[in-house]
Amino acid sequence: MLSYRHAFHAGNHADVLKHLVEVQILDYLGQKGAFWYIDTHAGAGAYSLTEGYATKTAEYVDGVARLWQRDDAPELVQRYLAVVRGMNEDGELRHYPGSPWFAAEVMDSSNKLRLFELHPSDFELLSHCFADAGRRVKVEKANGFEGIKSILPPPPRRALTLIDPPYEDKGDYQHVVRAMKEALKRFATGTYAIWYPLLQRKEVGDMLRELRKLPCHSWLDVTLTVRKPSADGFGMHGTGMFVVNPPWTLKRELESVLPWLKDVLAIDAGAGFSLDFQENGHQKN
């Protein structure tokens, strides 16, 4: 499906959690030597919050905008906001970076990015966004679920692969599971971060049960809920990140930030969070 445009949702609570996790993983990998960043659904790369699609829903108002002027943010949130502020140097929140932009800013300039985007308009925007990046960044107009097969394992044998489909097509839930099974056969030691929406939809739970069975050393599953599920069953009431082979520091970092994040982003009394972790077959909450 090519109707989805992430610009409608840029900077919302889901982006906040996703990019906090992404930044922490990238910082950790950067301490250990060369690695690649791979993005299966890279989007446009950067988004305006003051014109175009984002103004129609203004989801960033209950997302990054709530963090923007806080002076009590935990260290991980400050690190995340530093990248956003780098795109808004005059101090006004007008633009929001996409996942590839976060990666390019956080990673050492010698490390490479491989970005897949199938939507023709977003592909053009993404290509323009990284037009001056040279050989460091390669943008491909392709289905990322298929594209990653050709580059795993990457030459450094270290990588973060972000899997972030729109899930407008219900088939995406099983596409994620199949892609992960295939990816782990090719590159069992890689780190994979899978974003997913919290919806009142059976497919979400089915996908998570399958992901928790993957043959990997460890996984971490974090969720952030900002409101009660709606009475009519529609809409996203929260978001999650499922990380395969996470850095050992990620659980500790999230434990320190989730209570603060829940309080700041809460829309109603239904706000909350969860953090599950399994290593070598032993689950810990």
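Not measured: the values here are computed from a predicted model.

Examining the pattern of salt bridges
Phase 1: One pass over the structure, following the stated rule, counts 17 salt bridges.
Phase 2: A salt bridge links Arg 66 to Asp 62; its shortest N-O distance comes to 2.8 Å.
Phase 3: Arg 66 gets classed as partly exposed once you look at its relative accessible area, which sits at 27%.
Phase 4: Look at the salt bridges and you will find they share partners, linking Asp 15, Lys 18 and Asp 164 into a network.

What about the side chain of His 19?
Phase 1: Along the chain, His 19 falls in helix α1 (residues 13–30).
Phase 2: The class of His 19 is buried, set by a relative accessible area of 1%.
Phase 3: When neighbours within four sequence positions are excluded, His 19 is seen to be in contact with Tyr 80, Tyr 96, Pro 97, Gly 98, Ser 99 and Phe 102.

Remarks on helix α4 (residues 75–86)
Phase 1: Between its first and last C-alpha, α4 extends 17 Å over 12 residues, near the 16 Å set by a 1.5 Å rise per residue.
Phase 2: Buried residues of α4: Leu 76, Val 77, Tyr 80, Leu 81, Val 83 and Val 84, and no others. Looking straight down α4, one finds that the buried residues subtend no more than 150° of arc, so they occupy a single side.
Phase 3: Residues of α4 that are buried in the fold lie against α1, α3 (64–68), β3 (95–97), α5 (99–106) and α10 (250–265).

Digging into the pairing of strand β6 (residues 159–163)
Each regular strand shows side chains that alternate between the opposite faces of the sheet.
Phase 1: Counting buried positions along β6 gives 5 out of 5 residues, so the element sits mostly inside the fold.
Phase 2: Along β6, one buried face is formed by Ala 159, Thr 161 and Ile 163 and the opposite face, lined by Leu 160 and Leu 162, is buried too.
Phase 3: Bridge count for strand β1 (residues 36–39) against β6 is 4 bridges, and the pairing is parallel. Directly across from Asp 39, in β6, lies its bridge partner Leu 162.
Phase 4: Here 4 bridges tie β6 to strand β7 (residues 191–198), and the two strands are oriented parallel to one another. Counterpart to Ile 163 in the pairing with β7 is Ile 194.
Phase 5: For the segment spanning β6, helix α8 (residues 172–186) and β7, crossover handedness is right-handed.

Some thoughts on the nonpolar core
Phase 1: Membership of the largest hydrophobic core comes to 94 residues, with the highest contact counts inside it found for Leu 67, Tyr 80 and Leu 211.
Phase 2: Broken down by element, the residue count for this core peaks at 10 residues, all from α1.
Phase 3: Filtering out sequence-adjacent residues up to four positions away, Tyr 80 remains in contact with Val 16, His 19, Leu 20, Val 64, Leu 67, Tyr 96 and Phe 102.

Quick notes on the packing of aromatic side chains
Phase 1: Within the structure shown, the criterion is met by 6 aromatic pairs.
Phase 2: Residues Tyr 167 and Trp 195 carry aromatic rings whose centres are separated by 5.8 Å and whose planes lie at 50° to one another, so their mutual orientation is tilted. In this pair, Tyr 167 sits in the loop between β6 and α8 while Trp 195 sits in strand β7, placing the two residues 28 residues apart along the sequence. This pair shows no difference in class: Tyr 167 is buried, exactly as Trp 195 is.

A short note on the pairing of β1
Phase 1: The side-chain alternation of β1 yields two buried faces, one formed by Trp 36 and Ile 38 and the other by Tyr 37 and Asp 39.
Phase 2: Of the pairings in the sheet, the one linking β1 to strand β4 (residues 112–116) comprises 4 bridges and is parallel in character. Each bridged residue has a counterpart across the sheet, and for Asp 39 the counterpart in β4 is Leu 115.

How each quantity is defined
- Residues numbered from 1 in each chain as written.
- Predicted model: local features only at pLDDT ≥ 70, side-chain atom pairs only at ≥ 80, totals over all residues.
- Heavy atoms only, no water.
- Salt bridge = Lys/Arg side-chain N within 4 Å of Asp/Glu carboxyl O.
- Buried < 20%, exposed > 50% of the residue type's maximum accessible area, 1.4 Å probe, protein only.
- Helix = DSSP H or I, 4+ residues; strand = E, 2+ residues; numbered from the N terminus.
- Contact = heavy atoms within 4.5 Å.
- Expected span 1.5 Å × (residues − 1).
- Arc of directions from axis to C-beta.
- Pairing = 2+ DSSP bridges.
- Right-handed = clockwise from strand over helix to strand, strands pointing away.
- Core = buried A, V, L, I, M, F, W, Y, C linked by side-chain atoms within 4.5 Å.
- Phe/Tyr/Trp six-rings, centres within 6.5 Å; stacked < 30°, edge-to-face > 60°.

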